[in-house]
Amino acid sequence: MQELVQTVLNSDEKNALRQLISSLGTSGKQYLLRNEILQAFADYCQKSHKPAYFFHSSALGNLINFTHEIILEEESTWFLLRPWIASQEVWRLGADMTHFEKMTPQALLDVRDRLVNRYQPHLLEIDLKPFYQGSPVIDDPRNIGQGLAFLNRYLCNQFESDPKHWLEELFQVLHRLQYSGVPLMISDRLNSGAELAAAVHQAIQLLSDKPATEPFEKFRFDLQALGFEPGWGNTAERVRETLELFDRLIDSPEPAVLEAFVARVPAIFRVVLVSVHGWVGQEGVLGRPETAGQVMYVLEQAHSLESKLREDIKLAGLDSLGIHPKVIILTRLIPNCEGTACNLRLEKLQGSENAWILRVPFPDTNPPITQNWISKFEIWPYLESFALEAERELIAEFQGKPNLIIGNYSDGNLVAFLLARRLKVTHCNIAHSLEKPKYLFSNLYWQDLEDKYHFSAQFTSDLISMNAADFIISSSYQEIVGTPDSIGQYESYKCFTMPQLYHVVDGIDLFNPKFNMVPPGVNENLFFPYNQIADRDREARAKIHELLFTQEDSQIVGNLENTKKRPIFAVAPINFIKNLTGLAEFFGKNKELQERCNLILLTSKFTSEQATHPEEAAEIERLHEIINQYQLQNHIRWLGIRLSSLDLGEAYRTVADCRGIFIHYARFEAFGRTLLEAMISGLPTFATQFGGAAEIIDDSENVFHLNPTDSEGTAKKVLHFLDECEANPEYWHEISAKVIERVRNKYNWTLHSKQLLLISKISKFWDYVTPENREARLRYLETLYHLVFKPRAEKILEQHIQR
């Protein structure tokens, strides 16, 4: 970037830069973000009659297109440049316009603090970078999120460079495998890697003459005489294949062979999924609107993991020994559970053999705050005591320690950190949705938002848990590092300020192989294509069709004058981010769209009295206002009704029967579970371009990605689709078939569980053979927990007691 910025200053474009900065100053804003900067530059180019190439191809054009923030001070202009994904540079331009100076991240954080009049010298600086130095890192930003592939290649290279050493390391890893004290894979008869390699050759020879289907039990003692314990396979063929994989690995290590071998190693039997704040239940609950997607994710993940573990254990030949997997969803017990099962300590997961919901209560308080549901923004004071009690409960239920703890959302990940640290087990972090990038300037103005959101506790918790985790699961690439035009969710934690609390100089290493993209699946028992007629219930179809289009109900707004119009369907909770009000207003402003389509909104609430916080109430009231303002009563159906998952699946299919479309108009979407549900049902789907949702839809021609701030552009895309459908009746069916196929091929729980368990095993092996600076990092994070997080959480508790 040094050459580029100097080119601007040493050319005729310097005057253009001066004029641009001057025009920015007249806007009255000191802090400008990327969209504002690009728009201002486009306006400048137009007013100055610059040639078309100037915007993109001039030196100044390149500089502006790399710029993500500009801060205007009296004596300086600050530029935050992002020359490529996951890389940021800070440059300061003096008022005399003579030179650009590259600045430190600390200097930028000071400027941001000054901007909001909250500068404080000698502020706590949080810097995690030293704890990652010396660790292998991914060097190509395009490969961020592919940690498993990177570790496989790295470990194989290490095997090749020093095969004897790494054979001994591999021997030690296998030698440590056990289940409740029972050794697996190899016994004490083998004392070294060399002995193991020789025994493998003997075992392969022993099995070469045995029938492929001969059960393990028939030759178990022959293998034990060679030093092998159960775990290699359930039949002669399976055992021989596993032994041959090991033999190939030590003879000629290749990533695919390492992955195939490690996938067969029985190392995980007991799994905990931590999801604290939601109403985690199976009937009549499935979370509150703010957590429903997360709860469904966790329930389906638990089913899938237990099924995969059961399959793996059977193939390893361990089920005959009485070894069976157990999966526990750990959540909070809610005494005032409003008629649900959320006050039951233990509940078996329906359709599973050994998966359970374990509910642990929060400690009693005076007044009795913890008897009721507590919002995800208010939950922080109760997590440590919850984790301590949960530890005892989990050990009792498992009759031992778990092998893997998976945290879900910020609160669940903090509990997972506390549990994993105490129990010394593998910790997986799944954010689902990081609140920091969703709320613009939420860190900069945290003090103004503290009473409502308590971001100081949440952002500190995020920093701790994401750095403590052995590995992080993301649903998309954008969740980690965004796009060339936008910063990713995890990337937003790289460098930021919480004025008068702390500065984060370097909060996360985005190039660390702990990041892995493993998207979730969708429950195809509930959500399946509309044209699978044999799987659909005729009465349910009629009931849902009536509900969506004609039924009168006190919780339904709108009476469609023409039910034959193509339906536009949207499913979401009512909040600012999901932007249903924006969708309704966009529809209300477009008469042509109203003439051709009906808008059907499905939410769980209908009146502001049902809202759980002011923001939700304001959005509900705003939606009513929009319907009245644009007189949409005969063009819209707003159902404030909570449907069961079974009925929701039929709702998607019913809209598909009518050749409808699905629109997800969120201002930002980390992933978008409803997109998978709509697509697998066969609905052509439009979704916001901001966030990971853009990766779900394969849209090389930019037809189905929407900018919710550009209603004109959205209308153009939707109307173009309608035109195509009318010109070619098969077009809707072609798109429908494509979206069904995409979900089935890429977003399925079988693939998710296979990848997650494989990453967990590789991470465990990695930690053993390459310990990094892990203990020092965990000590540092514990310090942040005790000296920063806990005081913030205690303040929240004080507020609760005073209310």
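Shown above is the structure to which this text applies.
The notes below deal with the structure included here. Everything numeric here is computed off the predicted structure, so don't read it as measured data. (Residues numbered from 1 in each chain as written. Predicted model: local features only at pLDDT ≥ 70, side-chain atom pairs only at ≥ 80, totals over all residues. Heavy atoms only, no water.)

## Here's the deal with the pattern of salt bridges
For the structure on display, the rule yields 45 salt bridges. Arg421 serves as the salt-bridge partner of Glu775, at 2.7 Å between the closest nitrogen and oxygen. Of this pair, Glu775 sits in helix α30 (residues 774-802) while Arg421 is found in helix α15 (residues 409-423), placing the two residues 354 residues apart along the sequence. Residues participating in the shared-partner salt-bridge network are Arg536, Arg541, Glu650, Arg653 and Asp657. (Salt bridge = Lys/Arg side-chain N within 4 Å of Asp/Glu carboxyl O. Helix = DSSP H or I, 4+ residues; strand = E, 2+ residues; numbered from the N terminus.)

## Some details on the environment of Glu283
For Glu283, the location among the structural elements is in the loop between β9 (270-274) and α13 (292-315). Residue classification places Glu283 among the exposed residues on the basis of a relative accessible area of 58%. (Buried < 20%, exposed > 50% of the residue type's maximum accessible area, 1.4 Å probe, protein only.)

## What to know about the sheet that holds strand β11 (residues 346-348)
Strand order in the open sheet formed by 8 strands is β11-β12-β10-β9-β13-β14-β15-β18, and the pairing between neighbours is mixed. The sheet is open, and its two edges are formed by β11 and β18 (515-517), each paired on a single side. Neighbouring strand axes in the sheet, compared pairwise and without regard to direction, differ in orientation by 25° on average. Along the sheet, α15 makes contact with β9, β10 (326-333), β13 (404-408) and β14 (426-430), crossing β13 at roughly 155°. Its contacts with the sheet put helix α29 (residues 749-769) on β13, β14, β15 (471-474) and β18, and the angle it makes with β15 is roughly 160°. (Pairing = 2+ DSSP bridges. Axes fitted to C-alpha atoms, helices over the stretch in contact; angles between N-to-C directions. Contact = heavy atoms within 4.5 Å.)

## Details of the pairing of β15
By the alternation rule, side chains of β15 split into Phe471 and Ile473 and Ile472 and Ser474, which are all buried. Note: β14 against β15, 3 bridges, orientation parallel. Looking at the pairing, Asn429 lines up with Ile472 of β15.

## Description of the nonpolar core
In terms of nonpolar packing, the biggest core is built from 80 residues, with Phe228 and Phe261 touching the most fellow members. With 9 residues, α29 is the largest single contributor of residues to this core. Aside from chain neighbours lying at most four places away, what touches Phe228 is Met185, Ile186, Leu196, Ala199, Val200, Ala203, Leu223 and Leu243. Of all hydrophobic cores here, the second largest spans 78 residues; its members include Phe569, Leu643, Ile740 and Val743. (Core = buried A, V, L, I, M, F, W, Y, C linked by side-chain atoms within 4.5 Å.)

## Some points on the packing of aromatic side chains
What the rule picks out here adds up to 44 aromatic pairs. Taking 6.3 Å as the distance between ring centres and 75° as the angle between the ring planes, the aromatic pair formed by Phe441 and Tyr445 counts as edge-to-face. By relative accessible area, which is 24% here, Phe441 ends up partly exposed. Classification of Tyr445 as partly exposed rests on a relative accessible area of 33%. Taking 5.6 Å as the distance between ring centres and 90° as the angle between the ring planes, the aromatic pair formed by Phe686 and Phe721 counts as edge-to-face. Here Phe686 is found in strand β24 (residues 685-688), whereas its partner Phe721 is found in helix α27 (residues 711-727), with 35 residues between them in sequence. With respect to burial, Phe686 and Phe721 carry one shared label: buried. Positioned over the ring face of Phe362 is Arg332, at 4.4 Å from the centre of the ring. In this arrangement the basic side chain of Arg653 is found over the ring face of Phe528, its NZ or CZ atom lying 3.8 Å from the centre. (Phe/Tyr/Trp six-rings, centres within 6.5 Å; stacked < 30°, edge-to-face > 60°. Lys NZ or Arg CZ within 6 Å of the ring centre and 35° of its normal.)

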